Amino acid sequence: NKLEISIHNPDKLIIAGTETVLDLTIKNTGIRDQNLIITPDRLNTFPFSEAFDYIIAEPNQIEVRSHHEKTVKIRVKTLKDISNEGRYDNYLTIKSATEPELEIKQIISIPIILKERIFNIQMDIEPEIIPSKPTPYQLVIKNRGNQEFVDLNVEISSEIYSEEFP
């Protein structure tokens, strides 16, 4: 093959309803410079897709010189109302305007999680709680999604205890 394609997704999990940016790297291993057109599958985005709002290649046309490579940003926005979390596939068509017979369909696979499952929360606490004695505990909150959160409020409560932390 005259083109080597790789995709890098910096986000491990994409929260439904958010956007991620992938790096699509195209290396031209052929002897001719290639003028390439990158087109997402329009029939696998909104309103036809259960997972994707839009997919945009920026830029959507590039020239890759012989034995060189270029990276294109692929913006992928997911729908917020997906029915199931999981890995959803779509594809890009990379077509040469220089050599019309050179066309590659590249799969992009996006792992999507529901908004309700963004955080993984673990709490380490003493196995026995003695009334009126301070009980140390450690609360670990792991953000599994592709968004940063600041100023989170955490509320810990049970039938006999309640505390809020800004």
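The structure we're discussing is the one just above.
Here is a short report on the structure shown in this document. Please read all numbers here as calculations on a predicted model, not as lab measurements.

Reading guide: rules and limits
Residues numbered from 1 in each chain as written. Predicted model: local features only at pLDDT ≥ 70, side-chain atom pairs only at ≥ 80, totals over all residues. Heavy atoms only, no water. Helix = DSSP H or I, 4+ residues; strand = E, 2+ residues; numbered from the N terminus. Contact = heavy atoms within 4.5 Å. Areas by Shrake-Rupley, 256 points an atom, 1.4 Å probe, with all protein chains shown as cover. Lys, Arg positive; Asp, Glu negative; His and termini not counted. Charge placed at Lys NZ, Arg CZ, Asp CG, Glu CD. Pairing = 2+ DSSP bridges. Salt bridge = Lys/Arg side-chain N within 4 Å of Asp/Glu carboxyl O. Buried < 20%, exposed > 50% of the residue type's maximum accessible area, 1.4 Å probe, protein only. Core = buried A, V, L, I, M, F, W, Y, C linked by side-chain atoms within 4.5 Å. Axes fitted to C-alpha atoms, helices over the stretch in contact; angles between N-to-C directions.

The next thing to look at is the overall build of the protein chain. Regarding its fold elements, the protein chain presents zero helices and 13 strands. Along the protein chain, helices and strands appear, N-terminal first, in the series β-β-β-β-β-β-β-β-β-β-β-β-β. Counting only C-alpha atoms, the protein chain reaches 80 × 35 × 25 Å along its principal axes. Long-range pairs, those at least 24 residues apart, make up 62% of the contacts in the protein chain with a sequence separation of at least 6. Total accessible area on the protein chain is roughly 11,000 Å²; 50% of this is exposed by carbon and sulfur atoms. With 19 positive and 27 negative side-chain charges, the protein chain shows a spacing of 9 Å between the two charge centroids.

One key point about sheets: their strands pair by backbone hydrogen bonds, in either a parallel or an antiparallel sense. Read across the open sheet, the five strands follow the order β2-β9-β8-β4-β6; overall the sheet is mixed. Edge strands, defined here as strands with exactly one partner in the open sheet, are β2 (14-15) and β6 (61-64). With ten bridges joining them, strand β8 (residues 86-96) and strand β9 (residues 103-113) adopt antiparallel strand pairing. Across the sheet, T93 pairs through a bridge with K105, a residue of β9.

Moving on: the pattern of salt bridges. Per the counting criterion, the structure on display carries seven salt bridges. Among the ionic pairs, E99 bridges to K2, the shortest N-O distance being 2.6 Å. Taken as a pair, E99 in the loop between β8 and β9 and K2 in the segment before β1 (3-8) lie far apart in primary sequence, 97 residues in all. In this structure, K77 engages D53 in a salt bridge whose closest nitrogen and oxygen atoms are separated by 3.9 Å. You can see K77 sitting in strand β7 (residues 69-78) and its partner D53 sitting in strand β5 (residues 52-58), a full 24 residues away along the chain. For K77, a relative accessible area of 23% puts it in the partly exposed group. Residue classification places D53 among the partly exposed residues on the basis of a relative accessible area of 26%.

Time to look at the nonpolar core. Across soluble globular proteins, you tend to see nonpolar side chains buried next to one another. With 27 residues, the main nonpolar core has I26, I38, I74 and V76 as its most contacted residues. At the level of secondary structure, the elements contributing two or more residues to this core comprise β3 (19-28), β4 (34-40), β5, β6, β7, β8 and β9. Residue contributions to this core peak at four residues, all from β9. For I38, the contacting residues outside a window of four places in its chain are L24, I26, A57, P59, N60, I62, V72, I74, L92, T93 and I94.

Let us now look at the sheet that holds β7. Strand order across the open sheet formed by four strands is β1-β3-β7-β5, with antiparallel pairing between neighbours. For this open sheet the edge positions go to β1 and β5, each flanked by a neighbour on one side alone. Across this sheet, the average inter-strand angle for adjacent strands is 20°, counted without regard to direction. Bridge analysis of β3 against β7 gives nine bridges, and the strand direction is antiparallel. Directly across from L24, in β7, lies its bridge partner V72.

Right, let's talk about unusual backbone geometry for a bit. The amide bond that connects F46 to the next residue, P47, takes the cis arrangement and shows omega of 10°. Among the secondary structure elements, P47 is positioned in the loop between β4 and β5. E58 connects to P59 through a cis peptide bond whose omega is -5°. Residue placement: P59 occurs in the loop between β5 and β6.

Time to look at the environment of I110. Looking at where I110 falls in the secondary structure, it is placed in strand β9. Residue classification places I110 among the buried residues on the basis of a relative accessible area of 0%. Taking the C-alpha atoms as reference, I110 lies 9.4 Å from A51; in sequence the two are 59 residues apart.

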